Amino acid sequence: MSWDSYLDNLIGGASGDCDKAAIIGMDGSNWTTAAGGKGMVLIGTEGVTLGKCFSTRDFSPLQASGIHLEDVKYQFLRAEDDNIVLGKKKDHGAVTIQASKTALVLGHTKEGGMQGNVNKSVAIIAEYLESLGM
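Residues numbered from 1 in each chain as written. Predicted model: local features only at pLDDT ≥ 70, side-chain atom pairs only at ≥ 80, totals over all residues. Heavy atoms only, no water.

Chemist: Any chance you could explain the overall build of the protein chain here in plain terms?
Modeler: Looking only at helices and strands, one finds 4 helices and 6 strands in the protein chain. Over its C-alpha trace the protein chain gives a radius of gyration of 13 Å, about what one expects of a compact globule, namely 14 Å for 134 residues. Across the 134 residues that make up the protein chain, the buried fraction comes to 47%. For the protein chain, restricting intrachain contacts to residue pairs at least 6 apart in sequence, the fraction spanning at least 24 positions comes to 49%. By element, 50% of the accessible surface of the protein chain is carried by carbon and sulfur atoms, the whole surface being about 6400 Å². Of the charged side chains in the protein chain, 12 are positive and 16 negative, and the gap between their average positions amounts to 4 Å. (Helix = DSSP H or I, 4+ residues; strand = E, 2+ residues; numbered from the N terminus. Rg over C-alpha atoms; globule rule 2.2 N^0.38 Å. Buried < 20%, exposed > 50% of the residue type's maximum accessible area, 1.4 Å probe, protein only. Contact = heavy atoms within 4.5 Å. Areas by Shrake-Rupley, 256 points an atom, 1.4 Å probe, with all protein chains shown as cover. Lys, Arg positive; Asp, Glu negative; His and termini not counted. Charge placed at Lys NZ, Arg CZ, Asp CG, Glu CD.)

Chemist: Just checking my understanding: could you explain the side chain of Thr96 for this structure?
Modeler: Within the secondary structure, Thr96 is located in strand 5 (residues 93–99). In this structure the side chain of Thr96 is engaged in a polar contact, spanning 3.2 Å, whose partner is the side chain of Gln115. A distance of 2.6 Å separates a polar atom in the side chain of Thr96 from a polar atom in the side chain of Asn119. With near-sequence residues (within four places) excluded, Thr96 lies in contact with Val85, Leu86, Val105, Leu106, Gly107, Gln115, Val118, Asn119 and Val122. (Polar contact = N/O pair within 3.5 Å; in protein donor to acceptor, adjacent residues only side chain to side chain.)

Chemist: For this particular structure, what's the right way to read the packing of aromatic side chains?
Modeler: For any pair of aromatic rings, the description rests on two quantities: the centre-to-centre distance and the angle between the ring planes. Tallied over the entire structure, the rule returns 4 aromatic pairs. Ring geometry for Trp3 versus Trp31: centroids 4.9 Å apart, planes at 35 degrees, classification tilted. Separated by 28 residues along the polypeptide, Trp3 in the segment before helix 1 (4–12) and Trp31 in the loop between strand 1 (18–25) and helix 2 (46–56) bring together distant segments of the chain. Every member of this aromatic cluster is reached through a ring pair, and the members are Trp3, Tyr6, Trp31 and Tyr128. (Phe/Tyr/Trp six-rings, centres within 6.5 Å; stacked < 30°, edge-to-face > 60°.)

Chemist: What's the story with the environment of Val85 in this structure? I'm lost.
Modeler: Inspection of the secondary structure puts Val85 in strand 4 (residues 84–89). Residue classification places Val85 among the buried positions, given a relative accessible area of 0%. For the pair Val85 and Leu50, spaced 35 residues apart in sequence, the C-alpha separation works out to 9.8 Å. If sequence neighbours within four positions are ignored, Val85 has contacts with Phe54, Phe59, Leu62, Ile67, Phe76, Arg78, Ala79, Val95, Thr96 and Ile97.

Chemist: How should the pairing of strand 4 be read in this particular structure?
Modeler: Every other side chain in a regular strand lies on the same face of the sheet, so the side chains alternate between the two faces. Taken together, the 5 bridges between strand 3 (residues 72–80) and strand 4 define a ladder with antiparallel strand orientation. Residue Ala79 lies in a different strand from strand 4, and its bridge partner there is Val85. Counting the residues that bridge the hairpin from strand 3 to strand 4 gives 3 residues, and of these Asp81 lies at a positive phi of roughly 55 degrees. Counting the residues in the hairpin turn of strand 4 and strand 5 gives 3 residues, including Asp91, whose phi is positive at 70 degrees. (Pairing = 2+ DSSP bridges.)

Chemist: How should I be thinking about the nonpolar core in this particular structure?
Modeler: Side chains of nonpolar character tend, in soluble globular proteins, to be buried together. Leu50, Phe54, Leu62, Ile67, Leu69, Leu104 and Leu106 are the most contacted members of the largest nonpolar core, which totals 21 residues. Of all the secondary structure elements, the ones that give two or more residues to this core are strand 1, helix 2, strand 2 (67–69), strand 3, strand 5 and strand 6 (103–109). Contact partners of Phe54, with chain neighbours within four places excluded, come to Met26, Phe59, Asn83, Ile84, Val85, Ile97, Ala99 and Leu104. (Core = buried A, V, L, I, M, F, W, Y, C linked by side-chain atoms within 4.5 Å.)

This is the structure:
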């Protein structure tokens, strides 16, 4: 099954504020591809680290060392409800990560974009996966 079509839905649903996205498993495996520049490609242990933090609901490694995505370090802003993490890096935009049962949905807000629109779009995909038991 190709998960790349979910990226189109996520990006399209964010009113132009999301420029790239990804879906990864809780084990850090990539479910989506680069998808012609729309997909985020996590490097090294970035996905594994995120998966471990969400699986254990321990976000202290992200608070201490930041959120690393595509070799960029984003400042950890906050965690909400033990299944959402928000981050930001000046001149690079912001990230929203939301967990379902077995996956993490990541959305990147382009610099100057409204992260709230990306948050909503990420939530739609994560909640849909959750409804499927994923």
